[in-house]
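Here's the letter readout for the chains.
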Amino acid sequence: MRIESVHIDAERALRVGHRLCPLAEIEAIRAIATAESSLPALSILAVLDAAIARGERRSIGEWTALAREAMHCGRSDIATARAYAAACTVRFAD
């Protein structure tokens, strides 16, 4: 499957009005972020992956909202990716 078709399928899934299961939503965001080379969104997803691996069970909605925000920020440079990753660390710190 080509990355373009994954991107289109992911965008369709996110637009359809019904709630996706959290992991499907994360994977849809990941597909779009990868297709668009959105380093900020991918950095958030990396932090999320690490949190899930550690066993954290925060509200996935908060994480996906921040990842969506990062995808639409209009920038895709390393400095912005680091800023979003830092925002994750601060925003979701216990």
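Analysis parameters
- All residue numbers here refer to positions counted from 1 along the written sequence of the relevant chain.
- For a predicted model such as this one, the threshold for reporting local features is a pLDDT of at least 70, and the threshold for listing and counting side-chain atom pairs is 80 or more; totals across whole chains, interfaces and linings nevertheless cover every residue.
- Hydrogens and waters are ignored; side-chain quantities use all the structure's heavy atoms.
- A run of H or I in DSSP counts as a helix once it spans at least four residues, and a run of E counts as a strand once it spans at least two, with each numbered from the N terminus.
- Partly exposed describes any residue whose relative accessible area lies between the buried limit of under 20% and the exposed limit of over 50%, with all areas from a 1.4 Å probe on protein chains only and scaled to the type maximum.
- The contact rule is simple, with two residues in contact once any of their heavy atoms fall within 4.5 Å.
- Only the protein chains shown count as cover for residues, with accessible areas throughout obtained via the Shrake-Rupley method and a probe of 1.4 Å.
- Here, a salt bridge means any Lys or Arg side-chain nitrogen found within 4 Å of an Asp or Glu carboxyl oxygen.
- Buried Ala, Val, Leu, Ile, Met, Phe, Trp, Tyr and Cys residues that are joined via side-chain atoms within 4.5 Å together make up what is termed a nonpolar core.
- To obtain each axis, a line is fitted to C-alpha atoms, and for helices this fit is confined to the stretch in contact; angles are then taken between N-to-C directions over 0 to 180 degrees.
- Handedness of a crossing is defined here by the sense of rotation of the near helix relative to the far one, left-handed for an anticlockwise turn of less than a right angle and right-handed for a clockwise turn.
- Ten residues, namely Ala, Val, Leu, Ile, Met, Phe, Trp, Tyr, Cys and Pro, are considered nonpolar, four, namely Asp, Glu, Lys and Arg, are considered charged, and the remaining ones, Gly among them, are considered polar.

Draft legend 1. Local environment of the overall build of the protein chain. Broken down by element type, the protein chain carries five helices and zero strands. Mapped from its N terminus to its C terminus, the protein chain presents α and β elements in the order α-α-α-α-α. When the 94 residues of the protein chain are sorted by exposure, 33% land in the buried category. Within the protein chain, counting contacts between residues at least 6 apart in sequence, those at least 24 apart form 61% of the total. Summed over its atoms, the accessible surface of the protein chain is roughly 5,600 Å², and 59% of this surface lies on carbon and sulfur atoms.

Draft legend 2. Up close: the side chain of S38. Tracing the chain through its elements places S38 in the loop between α2 (22–35) and α3 (39–53). Since its relative accessible area comes to 3%, S38 is described here as buried. Setting aside its immediate chain neighbours within four residues, S38 contacts A33, A70, M71 and S76.

Draft legend 3. Molecular detail of the pattern of salt bridges. Applying the stated criterion across every chain yields a total of four salt bridges. When the shortest N-O distance is used, the salt bridge between R68 and E25 registers 2.8 Å. Linking R68 in helix α4 (residues 60–71) with E25 in helix α2, this pair joins segments that are 43 residues apart in sequence. R75 is the partner of D77 in a salt bridge, and the nearest nitrogen-oxygen pair spans 3.1 Å. In this structure D77 comes out as partly exposed when scored by relative accessible area, which is 24%. Residues joined in a network through salt bridges with shared partners are E27, R30 and D49.

Draft legend 4. Looking closely at the environment of I78. Its place among the elements puts I78 in helix α5 (residues 78–91). Separated by 35 residues in sequence, I78 and S43 place their C-alpha atoms 9.3 Å apart.

Draft legend 5. Quick look at the nonpolar core. In this structure, I44, L45, L48, W63, L66, M71 and C88 are the most contacted members of the largest nonpolar core, which totals 18 residues. Among the secondary structure elements, those contributing two or more residues to this core are α2, α3, α4 and α5. With six residues, α4 is the largest single contributor of residues to this core. Filtering out sequence-adjacent residues up to four positions away, I44 remains in contact with W63, L66, A67, A70, Y84 and C88.

Draft legend 6. View of the packing of α2 against α3. α3 packs onto α2 with a crossing angle of 145 degrees between their chain directions and a minimal axis gap of 9 Å. In the packing of α2 onto α3, the handedness of the crossing is left-handed. Two secondary-structure elements touch here, α2 through I26, I29, R30, A33 and T34 and α3 through A41, L42, L45, L48 and D49. When the residues that make up the contact of α2 with α3 are grouped by side-chain class, the tally is seven nonpolar, one polar and two charged.

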